[in-house]
Amino acid sequence: MPSDSTKKVFIKTFGCQMNDYDSAKIKALLGKDGYEPTADPGQADLILVNTCSVREKPEQKLRSFIGEMRPHRQRGAKVGIAGCMAQHAGEQLFKRYRKDVDLVFGPDHVPQVRALVEQAQSERVLQNSFLDDDNYAFVRETTSEGRVGAFVTIQKGCDNKCTFCIVPATRGMELSRPSALIVEEVQALVAQGVREITLIGQNVNSYGLKVPGELNFAQLLYRVAEVPGLQRIRYTTSHPRDMGPDVIQAYRDLPQLCSHLHLPVQSGSDRLLRRMKRYYDRARYLDVVAQLRDARPGISLTTDIIVGFPGETDEDFEHTMSLLEAVGFEGSFSFKYSARPGTPALRLSDEPVDPARMQERLMRFQTRQQELQLAAHKRLVDQVMPVLVEGASKWDEQVICGRTSCFRMINFPGDASLAGQIVDVRITRGFTNSLRGELAESPAGA
Ligand code: SAH
Ligand code: SF4
Ligand code: F3S
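Below: a short report on this structure. (Residues numbered from 1 in each chain as written. Chains lettered and ligands numbered in written order. Predicted model: local features only at pLDDT ≥ 70, side-chain atom pairs only at ≥ 80, totals over all residues. Heavy atoms only, no water.)

So, on to the overall build of the protein. Across its full length, the protein holds 13 helices and 19 strands. Against the 2.2 N^0.38 benchmark of 22 Å for 446 residues, the protein shows a C-alpha radius of gyration of 23 Å, consistent with a compact globule. The principal-axis extent of the C-alpha atoms belonging to the protein is close to 65 × 60 × 45 Å. Burial analysis of the protein (446 residues in total) assigns 52% to the buried set. Counting contacts in the protein only where the partners sit at least 6 residues apart, residues at least 24 apart contribute 72% of the total. Total accessible area computed for the protein in this model is approximately 19,800 Å², and 50% of it derives from carbon and sulfur atoms. For the protein, the separation between the mean place of its 57 positive charges and that of its 56 negative charges on side chains is 3 Å. (Helix = DSSP H or I, 4+ residues; strand = E, 2+ residues; numbered from the N terminus. Rg over C-alpha atoms; globule rule 2.2 N^0.38 Å. Buried < 20%, exposed > 50% of the residue type's maximum accessible area, 1.4 Å probe, protein only. Contact = heavy atoms within 4.5 Å. Areas by Shrake-Rupley, 256 points an atom, 1.4 Å probe, with all protein chains shown as cover. Lys, Arg positive; Asp, Glu negative; His and termini not counted. Charge placed at Lys NZ, Arg CZ, Asp CG, Glu CD.)

With that settled, consider the site of ligand 1. Contacts to ligand 1 come from 15 residues, most closely from Arg 55, Gln 202, Gln 266, Asp 304 and Ser 338. One of the side-chain nitrogen or oxygen atoms of Gln 202 is found 2.8 Å away from a nitrogen atom of ligand 1. One nitrogen or oxygen atom from the side chain of Arg 278 is found 3.3 Å from an oxygen atom belonging to ligand 1. Protein contact buries 91% of the 540 Å² of open area that ligand 1 shows by itself. Taken together, the elements giving at least two residues each to the shell around ligand 1 come down to β13 (300–307) and β14 (331–336). Of the residues that constitute the shell around ligand 1, the class distribution is six nonpolar, four polar and five charged. (Near = heavy atom within 4 Å. Polar contact = N/O pair within 3.5 Å; in protein donor to acceptor, adjacent residues only side chain to side chain. Nonpolar A, V, L, I, M, F, W, Y, C, P; charged D, E, K, R; others polar.)

Okay, structure coming up:
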């Protein structure tokens, strides 16, 4: 056990921005009971793993993590499983790991983490019920963890039923967080030094629609943009069906809104989009892209792609490849379809795609995506772009890094004291995943 009296918590986070956010909230809440975050499980009194079940074999990752933590538990640390697997497979995990795990709790119970950890000191605890909307309270404690960018949740859950997706079963029905509390959190984070906020939810475009009198998503963007000192706004994730003209208009009106949008398309084939129950077609997607580019010339677009969804033919896949060319995505996350427990797509599994063919399609997509990215980055050489400095680069103390408004990572020589400032950087080289540059001029006041 650590020799000092402070308690320490180690959190391993898998999955998406919702889990990153939940882990930050867990740290903020446990901080009130004297827990300090540590990056070393060997120093920890409490070890938590925030799990994700969206793809592939999360059970294996979890099993190996729990195995690695066994010696720490034997010396007295408590071990807990949180996140999406804890939600949908809590009972099994609680039984399977009865000798290795003290606490299992789903995302709805993050706000109660202090009480759960306290209870787990004397007995094993399982808490994975869904809370109804009246009993759920979004956590108000904030921590920027010293960073210039922070996530702010605007909704939990998802009311869509995309046939491949387990998220509605792990995060429950969509619930919008009151806009006043969102603005309050943004203000608190800006006061802690944050300059860039990313509003997060599984389908941000449907924010507020179920709540009489609440702002809608576009109105929320305008409201958040009024917070003094906030320089940049991003948001994720958007659903192409729900990307309305009012949000597109915001790209004309709000300079704080960054020139990048992640707009998951999943497939370029109308036949597959129907089978996935995405409720838009390729033409609608391309129309949204055209409107966005009209509203904000040069906006960069990234996406998510699933290859090998049940029944995907060579022709369907060619439609995905041609969509990649038609949009010219600046980046993408692409995944092999992975059958998830309880999802509607399991009923389509009589038409599985051969795993070798799936792998081939993934490689073809990713190779072409990387070529497009590299070409786009090379075209930027000699341009000057505003960059929000995040701090020293991981590899070289003389080099600092940050992101352009269009979300490209750029490294350039400079002083880490510029963190939090927006500086003009001339791009000198383009690589596949990042840019290299040099300060174009001294920042104002420096
Ligand atoms: N709410 C977001 C995405 C959440 S999951 C949206 O609607 O776009 C993140 C990504 O994981 C998805 O966009 C999808 O591309 C991928 N994904 C989800 N379920 C999957 C599955 N069963 N197999 C493979 N990829 C999946
Ligand atoms: Fe899953 Fe679809 Fe909801 Fe995204 S919108 S979380 S893919 S069900
Ligand atoms: Fe994974 Fe849950 Fe996010 S399943 S992708 S951590 S909502």
